[in-house]
Amino acid sequence: MELDRALAFSRYAQRALAADPALGAWLAATVDAPFAWRDEDAAIDAAADAETLGRTLRAVRRRAMLHTLARDLTRRAALPEVCGVVTRLAERAIDAAVRVHHRALADACGDPLGEESGAPQQLVVVGMGKLGGGELNVSSDVDLVFVYPEEGETAGARRTSNREFFERLGRRVIATLHESTAHGYVFRVDMRLRPYGDSGPLAVPYTALEQYLLTQGRAWERYAWLKARALTGGDGDALAQIVEPFVFRKYLDYDAYEGLRGVHRQIREQGRRRDYAGNVKLGDGGIREIEFIAQAIQIVRGGREPALRVRGTLPALAAIAARGLLPGPVCDRLREAYVFLREVEHRLQYRDDQQTQELPGDDAERDALAQACDLPDAAALERRLRAVRGDVVEHFVAVLGAAPGADAHGPLAAVWFDPELASSHEALAGAGFGAPGDLAARLRAIRNGLRYQQLPALSRERFDTLVPRLLEAASHAAKDAQAPDAVFARLMDLLEAVSRRSAYLALLIEHPPLLPRLATLMGASAWAAAYLTRHPILLDELLDARILFAEPDWDAWRGELDAQLAAAGDDPERQMDALRHFQHAQLFRLLVQDLAGQLTVERLADHLSALADVVIAATLRECWRHLRGPQAPAPRFAVVGYGKLGGKELGYASDLDLVFLYDVDERVPEADLAPERYARLGQRIVTWLTSTTAAGQLYETDLRLRPDGASGLIVSSLAAFRRYQREQAWTWEHQALTRARFVCGDAGIGAAFEAEREAILRLPREPSALAADVLAMRRRMHEGHPNPTSDFDLKHDAGGMVDVEFAVQYLVLAHAHAHAALTRNAGNIALLLLAGELGLVPAALAADVADAYRAYRRQQHAVRLTGAAHARVDPAPHAARRAAVRALWDHVLGAAELAAVA
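Attention here is on the structure that accompanies the text. If you're wondering where the values come from, they're calculated on a predicted model, not measured in any experiment. (Residues numbered from 1 in each chain as written. Predicted model: local features only at pLDDT ≥ 70, side-chain atom pairs only at ≥ 80, totals over all residues. Heavy atoms only, no water.)

Observations regarding the overall build of the protein
Along the protein, the regular secondary structure elements total 39 helices and 14 strands. Projected onto its principal axes, the C-alpha coordinates of the protein cover approximately 115 × 85 × 60 Å. Put simply, the protein has 902 residues, and 53% of those count as buried. Taking contacts inside the protein between residues at least 6 apart in sequence as the whole, the part at least 24 apart equals 73%. Carbon and sulfur atoms make up 52% of the accessible area of the protein, which totals about 38300 Å². Side-chain charges in the protein split into 107 positive and 121 negative, and the spacing between the mean points of these groups amounts to 1 Å. (Helix = DSSP H or I, 4+ residues; strand = E, 2+ residues; numbered from the N terminus. Buried < 20%, exposed > 50% of the residue type's maximum accessible area, 1.4 Å probe, protein only. Contact = heavy atoms within 4.5 Å. Areas by Shrake-Rupley, 256 points an atom, 1.4 Å probe, with all protein chains shown as cover. Lys, Arg positive; Asp, Glu negative; His and termini not counted. Charge placed at Lys NZ, Arg CZ, Asp CG, Glu CD.)

Re the state of the cysteines
This structure, assessed with the given rule, holds zero disulfides. A disulfide-free cysteine, Cys83 has its sulfur positioned 15 Å from the sulfur of Cys373, the nearest such atom. The cysteine Cys331 is free of any disulfide, with Cys83 supplying the nearest cysteine sulfur at 19 Å. By relative accessible area, which is 3% here, Cys331 ends up buried. (Disulfide = S-S within 2.5 Å.)

Examining the nonpolar core
If you look at the biggest cluster of nonpolar residues, it comprises 164 residues, and the most contacted ones within it are Trp225, Phe488, Leu518, Phe637 and Phe660. Membership of the second largest hydrophobic core comes to 62 residues, among which are Ala16, Ala90, Tyr350 and Ala368. (Core = buried A, V, L, I, M, F, W, Y, C linked by side-chain atoms within 4.5 Å.)

Things to note about the packing of helix α10 (residues 219-226) against helix α11 (residues 236-247)
One can describe the packing of α10 onto α11 by two numbers: an axis separation of 9 Å at closest approach and a directional angle of 130°. As the angle between them shows, α10 and α11 are arranged oblique. Both α10 and α11 take part in a crossing whose hand is left-handed. Contacts between α10 and α11 involve Glu221, Arg222, Trp225 and Leu226 from the first element and Val243, Phe246 and Val247 from the second. (Axes fitted to C-alpha atoms, helices over the stretch in contact; angles between N-to-C directions. Parallel < 35°, antiparallel > 145°, perpendicular 65-115°, else oblique. Left-handed = near helix turned anticlockwise from the far one by under 90°.)

Regarding the environment of Asp594
In this structure, Asp594 sits in helix α28 (residues 572-595). Once residues lying within four places of it in the same chain are set aside, the contact partners of Asp594 are Leu599, Leu604, Tyr652, His861 and Leu865.

As for the side chain of Arg741
With respect to the helices, strands and loops of the structure, Arg741 is situated in strand β12 (residues 741-745). From its side chain, Arg741 meets the backbone oxygen of Gly646 in a polar contact 3.2 Å long. (Polar contact = N/O pair within 3.5 Å; in protein donor to acceptor, adjacent residues only side chain to side chain.)

Concerning unusual backbone geometry
Trans peptide bonds make up the majority, and among non-glycine residues the majority have a negative phi. Phi angles above zero are rare outside glycine, and Asp353 is one such case at about 55°. Positionally, Asp353 belongs in the loop between α15 (328-352) and α16 (363-372). For Asp353, a relative accessible area of 7% translates into the label buried. One non-glycine residue, Asp374, lies in positive phi territory at about 65°. Residue position: Asp374 is located in the loop between α16 and α17 (378-400). Given a relative accessible area of 48%, Asp374 falls into the partly exposed group.

A look at the packing of helix α13 (residues 287-301) against α17
For the pair α13 and α17, interaxial distance at closest approach is 9 Å and the crossing angle is 30°. Considering the angle they form, α13 stands roughly parallel to α17. As for how α13 packs across α17, the hand of that crossing is left-handed. Of α17, the residues touching α13 (which contributes Glu289, Ile290, Phe292, Ile293, Ala296 and Ile297) are Val392, Val393, His395, Phe396, Val399 and Leu400. By residue class, the composition of the contact of α13 with α17 is ten nonpolar, one polar and one charged. (Nonpolar A, V, L, I, M, F, W, Y, C, P; charged D, E, K, R; others polar.)

Brief notes about the packing of aromatic side chains
Taken as a whole and judged by the stated rule, the model has 16 aromatic pairs. Taken together, a centroid distance of 5.8 Å and an interplanar angle of 25° make the contact between Trp624 and Tyr678 stacked. Note that Trp624 is positioned in helix α29 (residues 601-628) and Tyr678 in helix α31 (residues 674-690), a separation of 54 residues in sequence. For Tyr678, a relative accessible area of 8% translates into the label buried. One aromatic cluster is present, built from ring pairs that chain together Trp624, Phe637, Phe660, Tyr662 and Tyr678. (Phe/Tyr/Trp six-rings, centres within 6.5 Å; stacked < 30°, edge-to-face > 60°.)

Overview of the pattern of salt bridges
A side chain of one charge can pair with a side chain of the opposite charge if their charged atoms are brought near each other. What the rule picks out here adds up to 58 salt bridges. A salt bridge links Arg229 to Glu91; the nearest nitrogen and oxygen atoms lie 2.8 Å apart. Taken together, the positions of Arg229 in strand β7 (residues 229-230) and Glu91 in helix α6 (residues 79-109) put the pair 138 residues apart, joining distant regions of the chain. Since its relative accessible area comes to 25%, Glu91 is described here as partly exposed. (Salt bridge = Lys/Arg side-chain N within 4 Å of Asp/Glu carboxyl O.)

Details of helix α32 (residues 718-727)
If you check which residues of α32 are buried, you get Leu718, Phe721, Tyr724 and Gln725. Buried residues along α32 cover an arc of 125° about the axis, so they all sit on one side. Tucked into the core, α32 has its buried residues touching β8 (637-642), β9 (656-662), β11 (715-717), α33 (731-737) and α34 (747-761). (Arc of directions from axis to C-beta.)

What follows is the structure, given as structure tokens:
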């Protein structure tokens, strides 16, 4: 009965069964399992001529349609299965039609050959739209584009150009699919998405397609090509290399929103003329709006996030949810709405096998449709549709609603357009700006400047919209921080820097809540403002506070970076850019959390050091792969960090002090080539880390702490490093070793380094000679960092951070032979407190100095966020701290210092 009711709903099914009653028994026997393709594939493959193929394909379609509608209407099949059957039918039909007709044409004219390569050419049929996305509806057209790799001509006696060959082939393929015969049709074919539409050639070579997309491709065509998929010809990768740069920009492409709005406006205007209110695809809240939501996010972000380059609406929504680009519940509701609307669409089409998405006007038809949707009557269906489509409209407006226009009112709205008016000065003063005249002069200079005057019309319109908003944002953000003048100056620096990149202007226009957040950040730190102005691509990071303020996860960092590098393929330049984009994004998130008071200085340094570890490890891996190939064994090579990296005290702009070590088994082949090979690896790592690319720079590096310093080899064998440390190293090099650690690379070399480090630090030393060496190095450092001001240099002046660090290093080198715990790379504060516990210094003094050092680091960090070149401050508040540090210095090194003076 269940099957009978389903078949009774479809007049198409009733006609098919009446024409071939045997299909009824077949359907009853097979309906409980998904459509069986084995026999159908064999029948299609066996068709050797066009007439046989046409009959076979139409018979297969009839069986596939009957089976699919029966399974769908009886709830045996979900939407993916339904779309999958129809899509596979289209793929098999197109492939078979190309095969049969190509062979027939080649028999007459010869095989087409490439003009440049001389290789045989195949027609590449590109499936567009729902066919490309694997989501065809049950009575769908197929949108196709015909392309081929190269111009040329055929090799037979009746030579013809490749263009003529493939156009003739294309026409025959269309006829096989599209023509309605006594057995019906296979698929209606729509070729209007090809270059130049109906007026363009039926088939074009790759070069012509690429030229068209580069020079003629319009915004709506990016959406059309988003789901494009090569169905025949076996050359999908070459096609993707042409299409992907057109669809996906390298940057975050917020200009795409306006392009999609234009397409949507055309549909709405057409809908008003044709009354799309009852259309579940094109009407408000319909299938098309769900597709637009997903496609807009894909196109805006897909250039930077390859995981979004998926075909099909449901996979796209899943990828968007996985990336957190829309809240999970929103994606769930859109998915549910899409499934429901597609099921309604299919039931409309099952009725008579017509390509329709229009709800029926007849009451009986609406009741029948409702019951096919498992709803009691038309009223229930109407309520469900109203709720679902209303929900879709709400989300569509949230993502793609009209872009906010220029502010039409408000005291600051007119300032930009005529800054010299007295009323403009009054408005600026009333908003809290301290120097209205200076600000007005800058605005006038910008308006009269070449940069602004030469902006394209759309960019200038956006610029004009943004300036009053920035004034407003600076006024509100600065009430509890910097003067509005300083905040606005930083905001304008950013706006001028991005003014030639329309996508950034679009980003700021599209997301008004971004501006207050941006102004607050700019007001909190001049360094942060300068960093963001250098890397405006990071503006996107401010959009989602959930991601921005999420607790850093080092393992997740590794996975994310690995995915980005994999997406860059084997292109070193793209990989170097990926490293920079990743590092800049993570650093910026840490910066925002830092300015929000979410991180202590110590915890921030841990995260920045871990970030550097992740980046260096990935750089080592990729550089080795490029040098030796993806199948090469892992290198016996390790990176050791010294200084702030080694001590896990990195700041935002810290250099990386690195040493490269390698080991080699002399018995293996090519062992003598290892030094040169690893030297090349080390040099390449440095190049990758320090080069400035279009995406900026990663780090500055310093390799002077390697054996023999700047005059030594860039890499050292483990044995040579061991020899040097024991026989030639200066005391200051052992001081540096107190803050060294294995960062990445060969774990065995890393363990050997850590063991050697501990052994060196635990060597017995003569205290007075050690103290004399430490004092000599301290004097050299002091002389190298003179302070001509009366301010206190937190790092280099007496009683400052360097004094604490040198005192701790002396304690480690003097006493580690008796106290192994001192060799731990635990940081200066932890080692000071340990020295107090061990009785090497008074415990109370150790605690006081630890507090002082912690306070110094906090203030040094705060000063650097202002953009100051030196951390020099008023000495008065630090008098007690300096006295504590001096007391520690006297206790540890005082006697030696007196002896040196004497």
